[in-house]
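Coordinates in review
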Amino acid sequence: MAMLNKTKFLILLFASWAWMACEKDPADTTTTNPTTNSEIPDVYKKIYGAVSMSVDGNFLTVKTNGMPDHTSPYFATSHSLYAAYSGTTFGGYTFSKNPNTIQEQSFTFKIPLAPAEASAKAATPLGPIGFALNGVPLFNQYAGPNNQALSGEIVSFDQYYGHPQQTGQYHYHVEPIYLTTVKSNKSALIGFLLDGFPVYGPQESDGSTVTNAMLDAYHGHTHATTEYPNGTYHYHFTTEAPYLNGNGFFGTAGTVTQ
C-alpha cells in the first residue's frame, strides 16, 4: 500500500510539473509587445517632445503637453523660458503680442504607421492638424473662428514664429524657426500631420528653396528624404500661403484628443 501511494504521488508530481511547464511565464518577452519602445520605428524616435509614445495596432499614439522648448514672451513672467520680445516676426512685421498666455495641455495624437493617399481628401480643421518634433501642435493656414486669412494674426507670432490661442494652446502655423535654425536645419524633418505623412522645412536636402510651384494642391510631393530613402509623400513649410497645408490632408487623418 505504501508503494502504491508513493507511485500516485510521483504521478501527480510529474503531471503538476508538466502543466506548469506549459503555462506562459509572465516575464517571458519572446512574444512581441506592441506598446514597447522597441516597436516604435526609428523615424518616430526623433519626436523628442513626446510625454509618451506607443504603437497601438496600425497607429502610433503620441502624447504631448504642447509646451515649447524655447523662449517666448507668451510664457508667464515667472517661467524659466519667459523672454520679452520686441523685434520683427514672420514676413517682417513688427511683433505685437496677443493677450494669451501659454498653458500646459494634454494632447493625444494617433497617426497611421503606414500612411497612404486617401481616395477622398478631407480639409484640415481649425486647431491641431499635426505636431512638431518638440510636441507643439501644428495649425493650418487659417485663423479662427471662421477660416479667416492668417494675415491678421501674423503680427502676434513670437521670435520663433508661434503663439498661443485663447485657451493657451501654443502652436505654429508657419515654419517653426527654432526647429529649423537652432535644433536642426531648414531641410530637416519637422513633424507629422494627422494623416501620418511627414513635414519638412522650407529647403530640400541640396539646399534649394521649396516654392509653392514645386508642391501639389495639398502642399506636398514625393521623393526620397534622409529618413525615407525609398521615397515618401511629405509636406513642406514655405514662406508663402498656405505655408504648410493646402486643400487638406493627402492621406486619411488619424485623431487628436485633448
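Residues numbered from 1 in each chain as written. Predicted model: local features only at pLDDT ≥ 70, side-chain atom pairs only at ≥ 80, totals over all residues. Heavy atoms only, no water.

Once that is clear, we can look at the overall build of the chain. Tallying secondary structure elements over the chain gives two helices and 16 strands in all. The buried share among the 258 residues of the chain stands at 46%. Here the contacts in the chain between residues at least 6 apart in sequence split such that 60% fall between residues at least 24 apart. Roughly 13,100 Å² of accessible area belongs to the chain as shown, and the carbon and sulfur atoms make up 55% of that amount. (Helix = DSSP H or I, 4+ residues; strand = E, 2+ residues; numbered from the N terminus. Buried < 20%, exposed > 50% of the residue type's maximum accessible area, 1.4 Å probe, protein only. Contact = heavy atoms within 4.5 Å. Areas by Shrake-Rupley, 256 points an atom, 1.4 Å probe, with all protein chains shown as cover.)

Among the nonpolar cores identified, the biggest contains 52 residues, and I47, L60, F192 and Y235 are the most heavily contacted of them. With four residues, the single largest contributor to this core is strand 11 (residues 189–193). (Core = buried A, V, L, I, M, F, W, Y, C linked by side-chain atoms within 4.5 Å.)

Locating Q105 in the fold gives a position in the loop between strand 2 (59–64) and strand 3 (107–112). For Q105, a relative accessible area of 16% corresponds to the buried category. A polar side-chain atom of Q105 sits 2.9 Å from the main-chain carbonyl oxygen of Q103. Polar contacts involving the side chain of Q105 include one to the main-chain carbonyl oxygen of T167, which spans 3.3 Å. If sequence neighbours within four positions are ignored, Q105 has contacts with T64, N65, T167, G168 and Q169. (Polar contact = N/O pair within 3.5 Å; in protein donor to acceptor, adjacent residues only side chain to side chain.)

Moving on: the environment of Y161. Among the secondary structure elements, Y161 is positioned in the loop between strand 8 (148–149) and strand 9 (162–164). The sequence separation of Y161 and Y172 amounts to 11 residues, and the corresponding C-alpha distance is 6.6 Å. When residues no more than four places from it in sequence are discounted, the contact partners of Y161 are T89, F90, Y172, V174, E175 and I177.

Its location among the elements puts L60 in strand 2. The class for L60 is buried, based on a relative accessible area of 0%. Residues L60 and I111 lie 51 residues apart in sequence; the distance between their C-alpha atoms is 5.4 Å.

Predicted confidence across the chain gives a mean pLDDT of 89, with 85% of residues reaching 70 or more. Counting contacts from residues 6–36, a segment whose pLDDT is below 50, to residues more than four positions away or on other chains yields nine contacts. (pLDDT = per-residue confidence, 0-100.)

Applying the stated criterion across every chain yields a total of 15 aromatic pairs. Between F90 and Y243, the ring centres sit 5.5 Å apart and the planes meet at 80°, which makes this aromatic pair edge-to-face. In this pair, F90 is assigned in the loop between strand 2 and strand 3 and Y243 in the loop between strand 14 (232–236) and strand 15 (249–251), connecting sequence segments 153 residues apart. By relative accessible area, F90 is classed as buried at 8%. Chaining the aromatic ring pairs together yields one cluster made of Y44, F107, F109, F131 and F192. Sitting over the face of the ring of F59, K110 holds its NZ or CZ atom 5.4 Å from the ring centroid. The cationic tip of K121 hangs over the ring face of F250; the distance from NZ or CZ to the ring centre is 5.3 Å. (Phe/Tyr/Trp six-rings, centres within 6.5 Å; stacked < 30°, edge-to-face > 60°. Lys NZ or Arg CZ within 6 Å of the ring centre and 35° of its normal.)

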